[in-house]
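What follows is the residue order along each chain.
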Amino acid sequence: LAYYSPTAELHLAHILEKKKSLKNNEDILGIICDGKFGGCSVNPLGTKGICYCCQRRAEHICKLAKIKNVKLSKFLNPINYKKINVPKNVIYGAMSSIASHTRVDSIGDLSFAWLIIFKRLLKASKKTYISIFNLIEHYSLEEIFIFNGRFSCAKAAKEASRNKKINFSVFDLRGNIN
C-alpha cells in the first residue's frame, strides 16, 4: 500500500471490489511498509517524514476497508536473510525506480549521488523480496496484488510471488496483467 495518489485510491478501490467476491473463509491482508528498509521508488532518499505519512495513509486505507494489516519489516528474518537467493530481476526494479527520477538508461550513466541511492534501493528491494517471501509462507497467501510491478519494491514483491509459485496481479492505469 502506498501514500501517493492515485495508488492509494486504487488500492482502496481494488480492496473494496475484491471483498465483494470473497468466499466465507477468505480474507484480505494489507502489507504495509514501515519505512525500515531505507527507501522506495516514491521516497528514494528514505526521508522519515515521507515514510511516516506513507505508513499512516496505508493504515488509514486498511481501516477504511476494514482489513487486517501487517508491517513488512517484521518478516525480515535475519536467519533467512543470507540463505534466500534474491533473483537478478530485482535489480531491474531498482533501476526502473531510479530511471523514473533521472531518465538515465543504465547504471553507468548515474551520478555518484544517484549511484548511492540506487544501491540503497537495491538493498531495500532485496529486503522487501525476502520479507514478502517469508510473509507468503507465514500466512499461506494465495495471491498478491501489486500496483505497477516494475518499480523497486513492487518488482521485489512480484518476484517473491513468482518464486513462491502463488498468483499475483499487477494493476496499472491500463488495467490488470495476470
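Everything below is about the structure shown above.
Residues numbered from 1 in each chain as written. Predicted model: local features only at pLDDT ≥ 70, side-chain atom pairs only at ≥ 80, totals over all residues. Heavy atoms only, no water.

Caption draft 1: Region of interest: the nonpolar core. Counting residues in hydrophobic clusters, the biggest one holds 34 residues, and the most contacted among them are Ile31, Tyr129, Ile132 and Ile144. Within the residue set of this core, elements represented by two or more residues are helix H4 (89-102), helix H5 (112-139), strand S3 (143-147), helix H6 (152-163) and strand S4 (167-172). Sorting elements by how many residues they give to this core places H5 first, with 11 residues. Ignoring any residue separated from it by four or fewer positions in sequence, one finds Ile144 in contact with Ile31, Ile132, Ile136, Ser161, Ile166, Asn167, Phe168 and Ser169. Of all hydrophobic cores here, the second largest spans 10 residues; its members include Ala8, Ile15, Ile28 and Ile32. (Core = buried A, V, L, I, M, F, W, Y, C linked by side-chain atoms within 4.5 Å. Buried < 20%, exposed > 50% of the residue type's maximum accessible area, 1.4 Å probe, protein only. Helix = DSSP H or I, 4+ residues; strand = E, 2+ residues; numbered from the N terminus. Contact = heavy atoms within 4.5 Å.)

Caption draft 2: Structural view of the pattern of salt bridges. Across all of its chains, the model carries seven salt bridges by this definition. Residue Lys20 is joined to Glu17 by a salt bridge in which the shortest nitrogen-to-oxygen separation is 3.4 Å. Residue Lys20 and its partner Glu17 are located together in helix H1 (residues 7-20), separated by three residues, close to a single helical turn. A residue is classified by how much of its surface remains accessible, and Lys20, at 66% relative accessible area, is exposed. The salt bridge partner of Glu59 is Arg56, with a shortest N-O separation of 2.8 Å. Taken together, the residues Glu59 and Arg56, both in helix H2 (residues 48-65) and three residues apart, mark about one turn of the helix. A residue is classified by how much of its surface remains accessible, and Arg56, at 36% relative accessible area, is partly exposed. Salt bridges linked by common partners bring Arg56, Glu59 and Lys71 together as one network. (Salt bridge = Lys/Arg side-chain N within 4 Å of Asp/Glu carboxyl O.)

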